[in-house]
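Each chain, written out:
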Amino acid sequence: MGAVFVYTILICMLKGISAFALTFAILLGVYKIAKIPLKVLWKNLKVIIPIVTITAIINVFLIPGDVIFEIWFLKITKEGLVSVLLMFCRVSCLVSGTALLTFTTSPASLVDALEYFMRPVKMFGGSPNEIAMTLSIALRFIPTLFTEIGKIIATQKSRGAPFNSPKFKERLKAYIPVIVPLFYIAFKRAEDLAYAMESRCYVGGDKRTRFRVLSFGAFDFVALMLMLTYAIVAFWVDRWRICR
Amino acid sequence: MIELKDVCFSYETVTENVKLILNNINLKIDCGEFVTIIGANGSGKSTLAKHLNGLLVPTSGDVLVFGANTKCEENSIFVKKNVGMVFQNPDNQFVFTVVEEDVAFALENIGVPQQEMRARVKETLSQLNILEYKDASTAELSGGQKQLVAIAGVLVINPRFIVLDESTAMLDPQSRKDVMNILKKLNSELGITIVLITHFMEEAALAGRIIVINEGKVELDDNPRRIFEKLELLENMGLSAPQITEFCDELNLLGENLPLGIVDEDECAAELTKILKDP
């Protein structure tokens, strides 16, 4: 998690194509080592394409500089093109890099790490353990609620709800009878879970012990060193604008 | 021992029409018993179950767990350590997604050291024959396995009582049988008191004692044989008897003279053999 924090700051600082090329090469290597198919990465990147495209279209026409193409009042500048290219690289690197964390780390470990980093909250009377527990349960119930949505949609479809109507307004209206039972189910599940947790002696607070204690091992040290090496090299490559 | 003295319970409402969910319940459940609670939907079975481990406290009257009143906040952990509770849908009970982590949840809550926790989780999973799933995701398990994991989650703190609120309702017949076998084993070998709420009369008949709840009151409290003798009364309360009991009753209506309240196939077979040999 710490490495992702450093990585995010670094990616936001990089300004050269060469540094992004280096980052992409390293990311591909890490994906290979982690045995994550590139198809999965592509699936993640596809989600951001519409947002990046809209931003790119706006940027490419708005950034002033050396005009290289002009139609009526629309001017495409060299600076605009470079800016769009850099933005595309930056967003792609951010998505691919941070996705690695969720691909390789279980939600429970993520929450444990979050709890560790939230220790200062104690100084203000907060309980990192309770915040982490809330997050952990929220993460745990996301797939469950998606399954419930699927079931409710199937039920409403069988009763003739127009989810496939050509009219957008009708399709939108069809989702109202999905939201109401979904809320009911979510609250019912929350109540059941609260009873189950209470009957298993849960009272919250920081006196709980841990079944799985995070410890900084040799692998973590090697990973941190590799991350720092990459950060220094990428920063150096970017600073000297190699192959820009 | 769990003792319920004049227990009444109603939910707070804004209107003046207060409906008693539990109406003057007096019960004693001793250590080592295997008790089933039956009753029609809305009769108050689940509300009663939630009183047994202090999840709900009576509006009037007292619930005492080994003498500790569930109304006292300081008894809360003691009560929950002694009376574990398993619910109908295991998916709604899991806090974590990995089997051993979820089973350890109760131990984490009572502050058991990590080494001891690992040993106790392993021991509990072995007792229920599900050790091989310790690293599995709870989502990958079958309904029966999930329910066993849920039972492991309460068994791990060594409770003296386990209350199961329709915990076999969502299972297929084989998984139900597996869960029932485990419950019988826990009762006979470890001496854990089992309180099982069920709609399956065959399951109810396996217990040593059946408590029939009707409209928030204890209507009957006896052994299975004596309970299932009263077929008409059960029918009036929206309940039925095990198939074997109803089969014997049908034969009696046709003129045979079988004993009332037979709940065991072997006994039924023996009685029928007697009739066939000596018509």
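Residues numbered from 1 in each chain as written. Chains lettered and ligands numbered in written order. Predicted model: local features only at pLDDT ≥ 70, side-chain atom pairs only at ≥ 80, totals over all residues. Heavy atoms only, no water.

1. Overview of the environment of A:Lys35
Residues and elements named next belong to chain A. Inspection of the secondary structure puts lysine 35 in the loop between helix 2 (17-33) and helix 3 (38-62). Classification of lysine 35 as exposed rests on a relative accessible area of 74%. Linking lysine 35 and isoleucine 153, residues 118 residues apart in sequence, is a C-alpha distance of 35 Å. (Helix = DSSP H or I, 4+ residues; strand = E, 2+ residues; numbered from the N terminus. Buried < 20%, exposed > 50% of the residue type's maximum accessible area, 1.4 Å probe, protein only.)

2. Focus: the nonpolar core
Residue and element names in this part refer to chain B. Among the nonpolar cores identified, the biggest contains 39 residues, and Ile151, Ile162, Leu183, Leu186 and Ile194 are the most heavily contacted of them. Those elements that place two or more of their residues in this core are helix 3 (99-103), helix 4 (105-109), helix 5 (114-127), helix 6 (143-155), strand 7 (161-165), helix 7 (173-189) and strand 8 (193-197). Those residues in contact with isoleucine 151 that sit more than four places away from it in its chain are Val86, Leu128, Leu164, Val179, Leu183 and Leu186. (Core = buried A, V, L, I, M, F, W, Y, C linked by side-chain atoms within 4.5 Å. Contact = heavy atoms within 4.5 Å.)

3. Side note on the pattern of salt bridges
For the structure shown, the criterion picks out 20 salt bridges over all chains. Where A:Arg210 meets A:Glu115, a salt bridge forms, and the shortest distance between an N and an O atom there is 2.7 Å. Separated by 95 residues along the polypeptide, A:Arg210 in the loop between helix 8 (176-199) and helix 9 (218-239) and A:Glu115 in helix 5 (residues 107-117) bring together distant segments of the chain. A:Arg210 sits in the partly exposed class, given a relative accessible area of 23%. The buried category is assigned to A:Glu115, whose relative accessible area is 15%. Measuring nitrogen to oxygen at the nearest pair gives 3.8 Å for the salt bridge that ties A:Glu198 to B:Lys80. Pair noted here: A:Glu198 is in helix 8 and B:Lys80 is in helix 2 (residues 76-82), and the two residues belong to different chains. Take A:Glu198: its relative accessible area is 32%, and that puts it in the partly exposed class. (Salt bridge = Lys/Arg side-chain N within 4 Å of Asp/Glu carboxyl O.)

4. Topic: the confidence of the model for chain B
In the predicted model, chain B carries a mean pLDDT of 92, and the fraction of residues at 70 or more is 99%. As scored by the predictor, the complex reaches a pTM of 0.80 and an ipTM of 0.89. (pLDDT = per-residue confidence, 0-100.)

5. Some words on the interface of chain B and chain A
Counting residues at the interface gives 38 residues for chain B, matched by 25 residues for chain A. At the boundary of chain B with chain A, total buried surface from both sides reaches about 2700 Å², with 56% on carbon and sulfur atoms. Seen at the junction of chain B and chain A, the total is 4 salt bridges. Every element with two or more residues in the side of chain B that touches chain A is listed here: helix 2, helix 3, helix 4, helix 5 and helix 6 of chain B. The element that contributes the greatest number of residues to the side of chain B that touches chain A is helix 4 of chain B, accounting for 5 residues. Here the side of chain B that touches chain A is built from residues that sort into 19 nonpolar, 10 polar and 9 charged. (Buried area = accessible area lost by both parts, 1.4 Å probe. Nonpolar A, V, L, I, M, F, W, Y, C, P; charged D, E, K, R; others polar.)

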